[in-house]
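Given next are the chains, with one letter for each unit.
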Amino acid sequence: MSKSKRPAPSKASKVHQAALNDDEVEEALIQQLADLAVELASEDEASPTLPAKQRDLRRMITKSLRLQQDDVLYEALERARDQELDAYPYLRDMVEEAAEMVFFTRNERSYEVNAFVIPMFVRTIGGLDAEQNFRDADAFTELTESIKQARLESAEAKVVLVSYAYHLDEIDAITYSHLEAMVRDAYAAMTDKKITETAAINRSMSSWPPNRFGVEDTAVELRFLLGFTLKSVDDPFYVVPKDEAGMDAYFAERAQRFQAWSETVVPLVQRCLVTDGREFDAHFLYQDLFHGGKERGIAEYFMLQMMSELDHGLQEHGLTGAQTHAVMGPVEIEGELSLRVNLYSDDQKLVATAEKPLDGGRALEVELDDICDALLTLQVQSVGLAQRFDADGNAVQVRPYNG
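If you're wondering where the values come from, they're calculated on a predicted model, not measured in any experiment.

### Some points on helix 2 (residues 50-66)
An ideal rise of 1.5 Å per residue puts 24 Å on 17 residues; helix 2 measures up with 24 Å between its terminal C-alpha atoms. Burial in helix 2 covers these residues: Leu50, Lys53, Leu57, Met60, Ile61, Ser64 and Leu65. Seen end-on, helix 2 carries its buried residues on one side only, within an arc spanning 140 degrees. Seen from the buried face of helix 2, the exposed residues on the opposite side, beyond 90 degrees, are Arg55, Arg59 and Lys63. Positive backbone phi, approximately 55 degrees, marks glutamine 68, located one or two places after helix 2.

Structural data, given as structure tokens:
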């Protein structure tokens with residue numbers, strides 16, 4: 001009697017099993033990333049095993065970026081946050097750095113290519129027109145050259161700008177792996193004369209949202225200049241002093257150079273963004289690596305939006321900030337945490353309210369201090385901190401905020 005044989009698996013069942021195996025591998029990787037971030041966030045800096053563990057984490061992050069496993073990285077970040085609060089910013093910093101700074105070896109020399117942004121608030125009459133976006137090639141060339149001329153980057157570095165003014169939605173849509181691919185595009189374009197296609201960079205430019213301003217409205221819009229720098233890893237221009245005083249002086253001098261650049265470059269930016277001679281002005285925040293500049297732009301955007309809403313409420317009630325007191329605190333809106341600010345009149349009537357989304361990687365104390373500073377420009381009588389706002393909008397356990 002012959003032994004019964006197990007039926008050979010069908011092609012469909014093999015595919016199903018492979019998918020299950022892939023899911024298991026992905027799940028294991030997510031947990032490994034989160035666990036290692038939790039461990040490293042509290043690791044003693046003098047620990048002899050620290051460098052090896054950091055290398056392991058960087059290697060896993062880099063591999064995930066190259067395989068375009070954004071879901072793995074974002075899920076690992078959320079899981080790290082759930083396990084240990086300090087692990088989230090630690091892992092996020094490492095993922096951001098790996099995405100925006102990529103290292104290459106060429107002719108036995110080591111190079112770094114990084115992605116940077118310059119957030120800017122552009123004021124026009126009638127709003128920006130996509131049809132006028134970077135139509136002046138000469139102005140764009142001068143704008144690119146001005147980065148090195150102003151010593152914002154080393155004279156030995158190569159710098160390219162993207163001839164496009166990115167909207168916040170477009171910048172925010174660039175995932176970690178997409179940005180890493182854009183940096184690799186930039187490296188190829190700056191080192192290989194035959195390279196003409198930059199698919200990842202091209203894919204980052206979608207379209208601006210419809211213009212919601214009237215032809216006579218004064219419009220203030222957030223846009224980002226995006227660029228890439230190719231530099232030798234041992235370029236002395238980028239060496240930051242180790243001592244605190246030297247470090248402070250280094251960044252203070254850089255801030256001064258950026259301020260000087262921003263005061264002279266507005267006419268060039270105007271030629272790049274407006275071709276019909278309309279009134280134009282631009283306020284630049286700061287040149288920073290991609291994620292730092294993005295965070296700075298978003299924070300300023302939502303702060304201005306909040307202050308505009310509060311000012312509108314004051315005007316509707318015919319009051320000044322000096323006739324009100326402020327209460328701020330966290331509130332959950334559709335499962336997302338935000339910071340709410342309420343302005344109350346002397347008879348405790350609600351005058352104005354506004355919310356600002358909370359950045360999970362930014363310290364709450366910093367957010368509160370920034371909002372308090374902004375509120376004081378309204379000359380409010382006092383600022384209170386609520387433990388939270390309840391479902392009915394009432395401030396719970398308010399105490400004076402002293403920063």
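### Digging into the layout of surface pockets
For the second largest pocket, the calculated volume is near 520 Å³. Together, 21 residues line the second largest pocket, and Lys231, Tyr238, Tyr250, Arg254 and Leu289 are the ones closest to its centre. Broken down by secondary-structure element, the contributors of at least two residues to the lining of the second largest pocket are strand 2 (109-125), strand 4 (218-232), helix 9 (244-264) and strand 6 (288-289). Per-class residue counts for the lining of the second largest pocket are 12 nonpolar, three polar and six charged.

### Here's the deal with the environment of valine 72
Mapped onto the elements of the fold, valine 72 is located in helix 3 (residues 70-83). By relative accessible area, which is 1% here, valine 72 ends up buried. Measuring from C-alpha to C-alpha, the distance between valine 72 and glutamate 27 comes to 8.0 Å, with 45 residues separating the pair along the chain. Those residues within four positions of valine 72 in sequence are excluded, and the remaining contacts are Glu26, Leu29, Ile30, Leu33 and Ser64.

### Structural notes on the packing of helix 11 (residues 290-317) against helix 12 (residues 364-376)
Two numbers describe how helix 11 lies on helix 12: the axes approach to 11 Å, and their chain directions differ by 40 degrees. Comparing their axes, helix 12 and helix 11 come out oblique. In the crossing of helix 11 with helix 12, the sense of the turn from one axis to the other is right-handed. Along its contact with helix 11, which presents Met303, Met306, Met307 and Leu310, the element helix 12 presents Asp370, Ile371, Ala374 and Leu375. Tallied by class, residues from the contact of helix 11 with helix 12 come to seven nonpolar, no polar and one charged.

### Structural notes on the sheet that holds strand 7 (residues 324-333)
The sheet built from five strands is open, its strands ordered 9-8-7-10-11 with mixed pairing. Edge positions in the sheet fall to strand 9 (350-357) and strand 11 (395-400), since each has one partner strand and no second. For this sheet, the mean angle separating the axes of adjacent strands, direction not counted, is 25 degrees. Here strand 7 pairs with strand 10 (residues 383-389) via three bridges, running parallel. Bridge pairing links alanine 326 to valine 383 in strand 10. Sheet strands in contact with helix 11 are strand 7, strand 8 (336-345) and strand 9, and its direction is about 170 degrees off that of strand 9. The sheet contacts of helix 12 involve strand 7, strand 8, strand 9 and strand 10, and relative to strand 8 the element is tilted by about 30 degrees.

### Description of the pairing of strand 1 (residues 101-106)
Two elements, strand 1 and strand 2, share six bridges in a ladder whose sense is antiparallel. Paired with threonine 105 across the two strands is serine 110, which belongs to strand 2. The turn joining strand 1 and strand 2, which pair antiparallel and follow one another in sequence, is formed by two residues; a positive phi near 50 degrees is taken by asparagine 107.

### Observations concerning the packing of aromatic side chains
If you walk through the whole model with that rule in mind, you get 11 aromatic pairs. For the ring pair phenylalanine 134 and phenylalanine 140, a centre distance of 5.8 Å and an interplane angle of 80 degrees mean the geometry is edge-to-face. In terms of burial, phenylalanine 134 and phenylalanine 140 fall into one category: buried. Chaining the aromatic ring pairs together yields one cluster made of Phe258, Trp261, Phe284 and Tyr286. Stacked on the ring of tyrosine 88, the Lys or Arg arginine 81 has its end atom at 4.0 Å from the ring centre. The residue whose ring lies beneath lysine 231 is tyrosine 238, and the NZ or CZ to ring-centre distance is 3.7 Å.

### Thoughts on the pattern of salt bridges
A complete count under the given rule lists 20 salt bridges for this structure. The shortest N-O distance in the salt bridge between glutamate 78 and arginine 81 comes to 3.0 Å. Of this pair, glutamate 78 and arginine 81 both sit in helix 3, three residues apart, which is roughly one turn of the helix. The shortest N-O distance in the salt bridge between arginine 92 and glutamate 295 comes to 3.3 Å. You can see arginine 92 sitting in helix 4 (residues 87-100) and its partner glutamate 295 sitting in helix 11, a full 203 residues away along the chain. A residue is classified by how much of its surface remains accessible, and arginine 92, at 10% relative accessible area, is buried. Assessed through its relative accessible area of 26%, glutamate 295 is described here as partly exposed. Salt bridges linked by common partners bring Glu27, Glu75 and Arg79 together as one network.

### Section: the nonpolar core
With 83 residues, the main nonpolar core has Phe228, Leu273 and Phe284 as its most contacted residues. Sort the elements by how many residues they give to this core and strand 2 lands first, with nine residues. Non-local contacts of leucine 273, meaning those with residues more than four positions away in its chain, are made with Met120, Val122, Leu128, Gln132, Asn133, Phe134, Ala165 and Phe280. One finds Leu339, Leu368, Ile371 and Leu385 within the second-largest nonpolar core, a separate group that totals 23 residues.

### Focus on the side chain of histidine 291
By the secondary structure assignment, histidine 291 is in helix 11. A polar contact is formed between the side chain of histidine 291 and the side chain of glutamate 100, at a distance of 2.8 Å. Sequence-distant contacts of histidine 291, defined by excluding residues within four places in its chain, comprise Glu96, Ala99, Glu100, Tyr176 and Leu179.

Conventions adopted
- Residues numbered from 1 in each chain as written.
- Predicted model: local features only at pLDDT ≥ 70, side-chain atom pairs only at ≥ 80, totals over all residues.
- Heavy atoms only, no water.
- Helix = DSSP H or I, 4+ residues; strand = E, 2+ residues; numbered from the N terminus.
- Expected span 1.5 Å × (residues − 1).
- Buried < 20%, exposed > 50% of the residue type's maximum accessible area, 1.4 Å probe, protein only.
- Arc of directions from axis to C-beta.
- 1 Å grid on protein atoms, 1.4 Å probe; cavity = no way out; pocket = protein on both sides within 12 Å on 5 of 7 lines; lining within 4 Å.
- Points joined across faces, edges and corners; volume = space filled by probe spheres on them.
- Nonpolar A, V, L, I, M, F, W, Y, C, P; charged D, E, K, R; others polar.
- Contact = heavy atoms within 4.5 Å.
- Axes fitted to C-alpha atoms, helices over the stretch in contact; angles between N-to-C directions.
- Parallel < 35°, antiparallel > 145°, perpendicular 65-115°, else oblique.
- Left-handed = near helix turned anticlockwise from the far one by under 90°.
- Pairing = 2+ DSSP bridges.
- Phe/Tyr/Trp six-rings, centres within 6.5 Å; stacked < 30°, edge-to-face > 60°.
- Lys NZ or Arg CZ within 6 Å of the ring centre and 35° of its normal.
- Salt bridge = Lys/Arg side-chain N within 4 Å of Asp/Glu carboxyl O.
- Core = buried A, V, L, I, M, F, W, Y, C linked by side-chain atoms within 4.5 Å.
- Polar contact = N/O pair within 3.5 Å; in protein donor to acceptor, adjacent residues only side chain to side chain.

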